[in-house]
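As a plain string of letters, each chain reads:
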Amino acid sequence: MTDHNFSIEFFPPKTAEGAEKLRATRAKLSELHPKYFSVTFGAGGTTQQGTLDTVLEIMAAGEEAAPHLSCVGGTRESIRAILQQYQAHGIRRLVALRGDLPSGYGAAGEFRYASELVEFIRAETGDWFHIEVAAYPEVHPQAKSPQADLDAFVRKVNAGANAAITQYFYNADAYFQFVEQAHKAGVTVPIVAGIMPITNTTQLMRFSDMCGAEIPRWVRLKLSSFGDDTASIKAFGLDVVTALCERLLAGGAPGLHFYSMNQVAPTTALWQRLVK
């Protein structure tokens, strides 16, 4: 496990109660010694302060933290101010994303693509930040074609990204195929696999429909057959995702990025299976 890059993602809490819960979650997940924690950034910067507060709290506890930075709806001036703020706090790692257009926004702002954001970060801050970008093994839902999506990924890397984190997926072949194509296109940075634990069928179906992640038919049918039997859903989900992680690591994935959904148990259960 020590040869791999393991990280865990949180979203910024919206309430004082949520902040307290996340504090306890982070303390527990810190015991797994991930390389860093990342914290998501709302559309159009809607969680900007919450993202920063969460990152600073993680850093104050002695852990490395990486805020996500979405450029949709942002201006060069607003992104520049955020970067300066992050630098002033000693933040050295970023996850740079285009992000989704928040409801009510008519235009995307000054940055149309994540590659433009990465380029801007490098122009403004040089090598200060270790920059992670997103990758889509099953193709971004808004991409014109798989090749167009791969080209967009290569542009992000060439703009100055240090590594990539994938959208979650349950088909290991999609990941290996994507990595192979990226390597053929000249990409040499690590492409870390994004991992979504399976704990709630309805939530998973909704997320997957939104982001274009495919749930294999047999997994979907099996989950549906459990109905409201939460224990069976979690047990089956743990088996499926553990097998996926084992295959990814055995096949050469440089690491795993766990989408924790601010919960302790799913990531911990997976981790304990993998370290055996």
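Everything quoted here is computed from the prediction, not taken from an experiment.

Definitions and cut-offs
- Residues numbered from 1 in each chain as written.
- Predicted model: local features only at pLDDT ≥ 70, side-chain atom pairs only at ≥ 80, totals over all residues.
- Heavy atoms only, no water.
- Core = buried A, V, L, I, M, F, W, Y, C linked by side-chain atoms within 4.5 Å.
- Buried < 20%, exposed > 50% of the residue type's maximum accessible area, 1.4 Å probe, protein only.
- Helix = DSSP H or I, 4+ residues; strand = E, 2+ residues; numbered from the N terminus.
- Contact = heavy atoms within 4.5 Å.
- Arc of directions from axis to C-beta.
- Polar contact = N/O pair within 3.5 Å; in protein donor to acceptor, adjacent residues only side chain to side chain.
- Expected span 1.5 Å × (residues − 1).

Asker: Would you mind showing me how to read the nonpolar core here?
Answerer: As a rule of thumb, nonpolar side chains are buried together in soluble globular proteins. Counting 80 residues, the largest nonpolar core has Phe153, Ile191, Ile195, Leu248 and Leu256 as its most contacted members. Sort the elements by how many residues they give to this core and helix 9 (residues 230-250) lands first, with 8 residues. For isoleucine 191, the contacting residues outside a window of four places in its chain are Ala135, Phe153, Ala164, Thr166, Tyr175, Phe178, Val179, Ala182 and Pro254.

Asker: What is the right way to look at helix 7 (residues 201-211) in this model?
Answerer: Note: α-helices contain 3.6 residues per turn, so residues at a spacing of three or four share the same orientation. All of the buried residues in helix 7 are Thr201, Leu204, Met205, Phe207, Ser208 and Cys211. Buried residues along helix 7 cover an arc of 170° about the axis, so they all sit on one side. Across from the buried face of helix 7, at angles greater than 90 degrees, the exposed residues are Thr202, Asp209 and Met210. Lining the buried residues of helix 7 we find helix 8 (217-225) and helix 9. At the N-terminal end of helix 7, a side-chain oxygen is found 3.1 Å from the backbone nitrogen of threonine 202, two or three residues along, and the residue is asparagine 200. Just downstream of helix 7, glycine 212 is the residue with a positive phi angle, here 80°.

Asker: Mind showing me how you'd approach helix 2 (residues 48-60) here?
Answerer: When the terminal C-alpha atoms of helix 2 are compared, their 18 Å separation across 13 residues agrees well with the 18 Å that a helix rising 1.5 Å per residue should span. Every buried residue of helix 2 is accounted for by Thr51, Leu52, Thr54, Val55 and Ile58. On an axial view of helix 2, the arc spanned by its buried residues comes to 165°, and they lie on one face. Where helix 2 is buried, its residues touch strand 1 (5-10), helix 1 (16-30), strand 2 (36-39), strand 3 (65-70) and helix 3 (76-88). Once helix 2 finishes, glycine 62 follows within two positions and takes phi at roughly 90°, a positive value.

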